[in-house]
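Read off the chains here:
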Amino acid sequence: MKKILFAIMMLVPLMGMAQNSLDNSQDKAKQNTQRRALFEKKHKTVEAKYLAGAVPEVDGKVVFTLDKDVPGMSADQIYDKVRTVMENIIAQPNQIKEVSKIAIDDKASHTLGARISEWLVFKKKAFNLDQTVFNYSLIAKVSDGHLHLTMERMGYQYEMERPDTQGMETKAEDWITDKWGLNKKGSKLAKYSGKFRSKTIDRKDSIFQRVCQVLNVAY
């Protein structure tokens, strides 16, 4: 009888350890499931801004438009602030200095135009820099209390400087539209052109947000 009781007493801790191990395994599995669900939700939420309709076309051309009422500001005031933003963009270190410039500066008609050529970075690591030359125009038409700004005439020169490849030169219309920048179902970014689409949208948002900020209006 004593032997039986001793054996039972020896088994109890082992059973407890087994139960704890099972509980820990279940907790870890639950945590992994929750993390996976959170990642997938976040991934879908982030990608949604790049999906169908995110790259508008006007007469077959890709054109991003910022059309804003600016209460309390004259055309001259808006013009000066938008010009300053363009100057700041041209002064950024990612710019190709000999190309980026303000090309139209007509305060009498309140029309501004900048031709921009810059490096758009996809991925930057110690031994891996993936980037493209991104060309586009910013055109602003201003009136009292109103701004109409477009980002258009976009194109890319990808890996043109590499000696081991011919590179690629293409227009936004042939590369980042819904037809080319998304998969056939329109549910994901396309494998190759998707990164161009998402980074272009990010760059557009950055510029338009900066303009809205200096004009003190919501984006």
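Reading the values: rules and limits
- Residues numbered from 1 in each chain as written.
- Predicted model: local features only at pLDDT ≥ 70, side-chain atom pairs only at ≥ 80, totals over all residues.
- Heavy atoms only, no water.
- 1 Å grid on protein atoms, 1.4 Å probe; cavity = no way out; pocket = protein on both sides within 12 Å on 5 of 7 lines; lining within 4 Å.
- Points joined across faces, edges and corners; volume = space filled by probe spheres on them.
- Helix = DSSP H or I, 4+ residues; strand = E, 2+ residues; numbered from the N terminus.
- Nonpolar A, V, L, I, M, F, W, Y, C, P; charged D, E, K, R; others polar.
- Buried < 20%, exposed > 50% of the residue type's maximum accessible area, 1.4 Å probe, protein only.
- Lys, Arg positive; Asp, Glu negative; His and termini not counted.
- Salt bridge = Lys/Arg side-chain N within 4 Å of Asp/Glu carboxyl O.
- Polar contact = N/O pair within 3.5 Å; in protein donor to acceptor, adjacent residues only side chain to side chain.
- Contact = heavy atoms within 4.5 Å.
- Axes fitted to C-alpha atoms, helices over the stretch in contact; angles between N-to-C directions.
- Parallel < 35°, antiparallel > 145°, perpendicular 65-115°, else oblique.
- Left-handed = near helix turned anticlockwise from the far one by under 90°.

Caption draft 1: A look at the layout of surface pockets. Taken as a whole, the largest pocket encloses approximately 230 Å³ of empty space. If you trace the largest pocket, you find 15 residues lining it, with K61, E152, R153, M154 and E173 closest to the centre. Elements with a minimum of two residues in the lining of the largest pocket: β2 (61-62), β7 (146-158) and β8 (168-171). For the lining of the largest pocket, the class distribution of residues is four nonpolar, four polar and seven charged.

Caption draft 2: The arrangement of the side chain of E173 in detail. By the secondary structure assignment, E173 is in the loop between β8 and α3 (178-181). Buried E173, no salt bridge; nearest opposite-charge side chain is K61, N-O distance 5.2 Å. A polar contact is formed between the side chain of E173 and the backbone nitrogen of V62, at a distance of 2.8 Å. Apart from the residues lying within four places of it in its own chain, the contact partners of E173 are G60, K61, V62, M154 and W180.

Caption draft 3: How the structure looks around the packing of helix α2 (residues 75-90) against helix α4 (residues 194-215). Two elements in contact, α2 and α4, have axes separated by 9 Å at closest approach and are oriented at 140°. As far as their axial angle goes, α4 and α2 are oblique. Considering only the axes of α2 and α4, their crossing is right-handed. Along its contact with α2, which presents I78, K81, V82, V85, N88 and I89, the element α4 presents R203, I207, R210, V211, V214 and L215. Across the contact of α2 with α4, the residue classes break down as eight nonpolar, one polar and three charged.

Caption draft 4: How the structure looks around the environment of H148. Within the secondary structure, H148 is located in strand β7. Note on H148: relative accessible area 29%, which makes it partly exposed. Once you skip the residues sitting within four places of it in the chain, H148 turns out to touch T65, L66, D67, I139, A140 and K141. One polar contact links H148 to D67, side chain to side chain, over a distance of 2.7 Å.

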